[in-house]
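Remarks on the overall topology
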Amino acid sequence: MKTKGDCVSIFLRLLDEATKKGVPISVSKNADYKDKFDYFLDSAQIYIAQLIKIPAVFTVIQYGSKDPLYTGVFEYEMPSNFLSFDSIILKRDSESYEPYTNFKWENNKRVRLNPYDVGSFDIHYYKYPATIASDAADNTVLDIEDKAFEVVALQCAIMATAADNPSLSSWIRSIYVEKIQNISQKEQPIQNGIQTVFTMV
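Bear in mind the structure is a predicted one, so any value in this text is a computation, not a measurement.

Some words on the overall build of the protein chain
Helix and strand counts for the protein chain come out as 4 helices and 8 strands. Listing every helix and strand of the protein chain by position from the N terminus yields α-α-β-β-β-β-β-β-β-α-α-β. Scored against the burial criterion, the 201 residues of the protein chain give a buried share of 40%. Within the protein chain, residue pairs in contact and separated by at least 24 positions form 77% of the contacts whose partners lie at least 6 positions apart. About 11,400 Å² of surface is accessible on the protein chain, with carbon and sulfur atoms providing 51% of the total.

Remarks on the sheet that holds strand β6 (residues 110–113)
Read from one edge to the other, the open sheet built from 3 strands follows the order β2-β6-β5, with strand pairing classed as antiparallel. Two strands close off the open sheet at either side, each with one partner strand: β2 (74–77) and β5 (103–106). Between one strand axis and the next, the sheet turns through 20 degrees on average, direction left out of account. When β5 meets β6, the two strands line up antiparallel, connected through 4 bridges. Its bridge partner lying in β6, W105 is registered against V111.

Side note on the packing of helix α3 (residues 149–161) against helix α4 (residues 166–185)
Viewed as axis vectors pointing N to C, α3 and α4 meet at an angle of 160 degrees, and their least axial separation amounts to 8 Å. It follows from the interaxial angle that α3 and α4 lie roughly antiparallel. The hand of the α3/α4 crossing is left-handed. Listed contacts from α4 to E150, V151, L154, Q155, A157, I158 and T161 of α3 are P166, L168, S169, I172, R173, I175, Y176, K179, I180 and I183. In the contact of α3 with α4, the residues fall into 11 nonpolar, 3 polar and 3 charged.

A look at the nonpolar core
Generally speaking, soluble globular proteins have nonpolar side chains that are buried together. Counting 35 residues, the largest nonpolar core has C7, F11, L41, V152 and I172 as its most contacted members. In terms of residue count, the dominant contributor to this core is α3 (9 residues). Judged by nonpolar contacts, the second largest core, of 15 residues, contains I88, Y100, V111 and F121.

Let's talk about unusual backbone geometry
Even without glycine at this site, K109 takes up a positive phi of about 65 degrees. You can see K109 is positioned in the loop between β5 and β6. Taking relative accessible area as the criterion, K109 reaches 41% and is therefore assigned partly exposed.

What to know about α3
Its 13 residues give α3 an end-to-end C-alpha distance of 19 Å, which sits within 8% of 18 Å, the value for a rise of 1.5 Å per residue. For α3, the buried fraction is high: 11 of the 13 residues fall into the buried class. Every buried residue of α3 is listed here: F149, V151, V152, A153, L154, Q155, C156, A157, I158, A160 and T161.

A word on the packing of aromatic side chains
According to the stated counting rule, one finds 8 aromatic pairs in the structure shown. Relative to F40, the ring of Y39 has its centre 5.1 Å away and its plane inclined at 75 degrees; by these criteria the two rings are edge-to-face. Overall, the relative accessible area of 62% leaves Y39 in the exposed class. F40 sits in the buried class, given a relative accessible area of 19%. Through a chain of ring-to-ring contacts, three or more aromatic side chains come together here, namely F58, F82, F85, F103, W105 and Y125.

Rules used in this analysis
Think of each chain on its own: its residues are numbered from 1, step by step along the sequence as written. It should be noted that, the model being predicted, local features are given only for residues of pLDDT at least 70 and side-chain atom pairs only at 80 or more, the latter also being counted only at that level, while totals for whole chains, interfaces and linings use all residues. With hydrogens and water stripped out, all remaining heavy atoms of the structure feed into the side-chain values. Strands here are runs of E lasting at least two residues and helices are runs of H or I lasting at least four, both read from the DSSP assignment and numbered beginning at the N terminus. To sort residues, take the accessible area from a 1.4 Å probe on protein chains only and compare it with the maximum for the residue type: under 20% means buried, over 50% means exposed, and anything in between is partly exposed. Throughout, a contact is declared for two residues whenever any of their heavy atoms are within 4.5 Å. Values of accessible area rely on a 1.4 Å probe in the Shrake-Rupley scheme; residue burial ignores everything except the protein chains shown. Note on pairing: two strands pair once DSSP finds at least 2 bridges between them. Comment: axis = line fitted to C-alpha atoms, over the contacting stretch for helices; angle = value between 0 and 180 degrees taken between N-to-C directions. When describing relative orientation, an angle under 35 degrees is termed roughly parallel and one over 145 degrees roughly antiparallel, while 65 to 115 degrees is termed roughly perpendicular and anything else oblique. Handedness of each helix crossing follows the sense of rotation of the near helix against the far helix: counterclockwise by less than a right angle gives left-handed, clockwise gives right-handed. Three classes are used: nonpolar for Ala, Val, Leu, Ile, Met, Phe, Trp, Tyr, Cys and Pro, charged for Asp, Glu, Lys and Arg, and polar for all others, with Gly counted as polar. Side-chain atoms within 4.5 Å link the members of a nonpolar core, which is a set of buried Ala, Val, Leu, Ile, Met, Phe, Trp, Tyr and Cys residues. Given a helix with a known number of residues, its expected span is that number minus one, times 1.5 Å. Pairing of aromatic side chains here covers Phe, Tyr and the six-membered ring of Trp, requires ring centres within 6.5 Å, and sorts the geometry by plane angle: under 30 degrees stacked, over 60 edge-to-face, intermediate tilted.

Taken by themselves, the reported measurements are silent on function.
Set out below in structure tokens:
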């Protein structure tokens with residue numbers, strides 16, 4: 001698991017190499033950039049999570065309605081870290097897994113399942129990363145995909161240098177764009193993430 005300290009090390013090393021050709025920049029300048037890193041980190045990871053998505057899943061166990069005249073709905077609210085919807089997998093038993101399409105997605109971040117369908121529903125979605133306060137300790141674990149780690153550091157560097165060194169910021173952005181493109185070409189199928197279980201009787 002990568003930490004805030006790991007990320008700031010890449011961030012500062014990148015700026016050192018870019019500004020002084022490998023010779024460390026001054027302590028005072030380092031402190032200034034470190035302060036900017038602390039300020040921009042949370043915004044950077046949230047932005048990158050929309051490009052390099054973080055898969056998660058929560059499970060609904062539904063026993064269904066036995067009343068043939070039932071006209072209500074079984075509706076479930078997405079978790080508070082919800083970013084975007086992916087898919088639903090229905091597990092009727094330990095050996096039966098199938099894509100589930102008999103649902104309705106609501107714009108208020110709720111999903112409605114057919115009240116007569118029974119089983120365990122894995123609702124796959126993409127999440128926002130956990131918030132990182134500007135004063136978070138360096139051992140704070142980043143809630144992002146491993147492949148997004150260096151890109152978050154690059155995004156912080158772009159934001160930290162944009163005002164006082166736009167040419168450097170532009171150069172870092174070119175590296176950032178290349179890495180994003182490389183990652184996009186290697187995207188893998190979704191993996192199960194954090195699970196939360198709900199039951200509807």
